[in-house]
Amino acid sequence: MRRPLNLIRECRGQLWHLLISSVRHFFLLGIRCSRGGHLRRSGDTMAHTWPPCTWPVGTAVWAARRETRWTACRVGLMLVRMEFCLHADVESFWDAAGPLYEADPIRHTVALTVIGGMRAERRLSLRSTDDAGIAGDGEGSRSSGEPAEDADGQNDGTNPLLVTIVDKGRTIGAAFCTPPYPIGVSGVPVECVAKLATFVRERGVRLSGVTGPSDVSNAFAHEWGLGTTEVMRMRCYRLDELEPPDVPGSMRLAGVEDIPQLQAFEREFFRETDMPMPGADHRRRILQSMTLGNAHGLWYEGDSVRAMARASAQLRGMSRVGLVYTPPEHRRRGYGAAITAAVSRWALDQGARDVVLFTDLANPTSNSIYQKIGYRPVYDGAEYRFPTTVA
């Protein structure tokens, strides 16, 4: 029995040593904090975990075209030391955040399609520049995949915002914003939301709002401050078994000649849903969407167009259906369900395993229709609008 007892005593001694070392470590941190001492790395900022201390915020640290800043966050029972990285290039952002988004393509469907579109647009832009034999002059030549900033490092809210959260070299969170649309936070752990909001606010970024799964978007809106307004509660659906409705007509994929019709329908869609209206580049964006392989479907009955819907090109086995619109005079006849089912079938035929869409929970009709053609609820989301000034 002596050997087990000796082992127990040895383990107990090691545990005491670990406990005393931990207490001493946090005690010294508290002293260093109260005296205003800096941590080893400039740019560090720690959470107010041990009041009443305030950790100094140093200057920004730039490396490999990204800004990093350290902070701390309690995740469960663990105190995680996080690094916030502000990426100046969409490829750099994708290298860091891509695996996180790809791990759950349904939760991150918006991130995958938006970032995928930015990457594809950047490649097309570079290709067209190479074909024309034009070298950028370094001023005014930025593509949409390369967020620009002011000379003082500030983002004025008109350029993409790409942020990753890193712990011990591993990406644990990511957020993105492509103005004028709200910041997408599906990839942010709830425990990191407060620090992300602080980081974005300190950058002077003007956010129009936030969108994402309810738990994260609600928390971010709360942290952003007064004046936030909830504009929509959403539900994400995934296609289970497609059941097309029996509706007169058929779908035809839109071509370049149909862009005026798509522009008219999309403007009405954005107006009715109170979303940012398309700008002067509306036609170019639709043409670019077609070039990227997205399906713009139009439901025809005879020679008349009855409804419109779009499905994204499958990415990592996921395709998202959106922009479902039926003119008021053609509603309540099943055209919306028919065009949704048709573009969903197109997505499946392209190899998509997960076909998803979002609905407004305030619209019971659409929620009922989509379930009738085979969609099943996955999670709820929320979108908030913020004041136009920095919080």
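Calculation rules
- Residues numbered from 1 in each chain as written.
- Predicted model: local features only at pLDDT ≥ 70, side-chain atom pairs only at ≥ 80, totals over all residues.
- Heavy atoms only, no water.
- Helix = DSSP H or I, 4+ residues; strand = E, 2+ residues; numbered from the N terminus.
- Buried < 20%, exposed > 50% of the residue type's maximum accessible area, 1.4 Å probe, protein only.
- Contact = heavy atoms within 4.5 Å.
- Areas by Shrake-Rupley, 256 points an atom, 1.4 Å probe, with all protein chains shown as cover.
- pLDDT = per-residue confidence, 0-100.
- Arc of directions from axis to C-beta.
- Polar contact = N/O pair within 3.5 Å; in protein donor to acceptor, adjacent residues only side chain to side chain.
- Phe/Tyr/Trp six-rings, centres within 6.5 Å; stacked < 30°, edge-to-face > 60°.
- Core = buried A, V, L, I, M, F, W, Y, C linked by side-chain atoms within 4.5 Å.
- Salt bridge = Lys/Arg side-chain N within 4 Å of Asp/Glu carboxyl O.

**Things to note about the overall build of the protein**
Logical step 1: Per the secondary structure count, the protein includes nine helices and 14 strands.
Logical step 2: Looking at the 391 residues of the protein, the share that counts as buried comes to 45%.
Logical step 3: Taking contacts inside the protein between residues at least 6 apart in sequence as the whole, the part at least 24 apart equals 66%.
Logical step 4: Accessible area of the protein: about 20,500 Å², with a carbon and sulfur share of 53%.

**A closer look at the confidence of the model for the protein**
Logical step 1: Predicted confidence across the protein gives a mean pLDDT of 79, with 71% of residues reaching 70 or more.
Logical step 2: Within the model, the stretch residues 20-66 combines pLDDT values under 50 with 70 contacts to residues more than four positions away or in other chains.
Logical step 3: Taken as a whole, residues 133-156 scores under 50 in pLDDT and shows 41 contacts with residues more than four places along the chain or in a different chain.

**A word on helix H9 (residues 364-372)**
Logical step 1: Among the residues making up H9, those that are buried are Ser366, Asn367 and Tyr370. In a view along the axis of H9, the buried residues occupy a sector of 100 degrees, so they form one face of it. Residues of H9 that are exposed and point more than 90 degrees away from the buried face comprise Pro364 and Lys372.
Logical step 2: For H9, the elements touching its buried residues are strand S8 (229-239), strand S12 (318-325), helix H8 (335-349), strand S13 (354-360) and strand S14 (375-385).
Logical step 3: The backbone nitrogen of Thr365 has a side-chain oxygen 3.1 Å away, supplied by the residue at the start of H9, namely Asn363.

**A closer look at the packing of aromatic side chains**
Logical step 1: Across all of its chains, the model carries nine aromatic pairs by this definition.
Logical step 2: For the ring pair Phe84 and Phe199, a centre distance of 5.1 Å and an interplane angle of 20 degrees mean the geometry is stacked. Of this pair, Phe84 sits in strand S3 (residues 78-87) while Phe199 sits in helix H4 (residues 193-202), placing them 115 residues apart in sequence. For the pair shown, Phe84 and Phe199 are each scored as buried.
Logical step 3: With centroids separated by 6.3 Å and ring planes inclined at 75 degrees, the aromatic side chains of Phe358 and Tyr379 adopt a geometry described as edge-to-face. Here Phe358 is found in strand S13, whereas its partner Tyr379 is found in strand S14, with 21 residues between them in sequence.
Logical step 4: With relative accessibility at 26%, the residue Phe358 sits in the partly exposed group.

**Notes on the nonpolar core**
Logical step 1: Ranked by size, the top nonpolar core spans 29 residues in total, and within it Leu161, Ile183, Val188, Leu196, Leu207 and Phe220 carry the most contacts.
Logical step 2: Aside from chain neighbours lying at most four places away, what touches Ile183 is Leu161, Ala175, Phe176, Cys177, Leu207, Gly209, Val210, Thr211 and Phe220.
Logical step 3: Counting 25 residues, the second-largest nonpolar core is a separate cluster that includes Leu239, Ala337, Val343 and Trp346.

**Thoughts on the pattern of salt bridges**
Logical step 1: For the structure shown, the criterion picks out 16 salt bridges.
Logical step 2: Arg252 is the partner of Glu257 in a salt bridge, and the nearest nitrogen-oxygen pair spans 4.0 Å.
Logical step 3: You can call Glu257 exposed: its relative accessible area is 60%.
Logical step 4: Across the pair Arg285 and Asp281 runs a salt bridge, and its minimum N-O distance is 2.9 Å.
Logical step 5: For Arg285, a relative accessible area of 45% corresponds to the partly exposed category.
Logical step 6: By sharing partners, the salt bridges in this structure join Glu121, Asp281, Arg284 and Arg285 into a single network.

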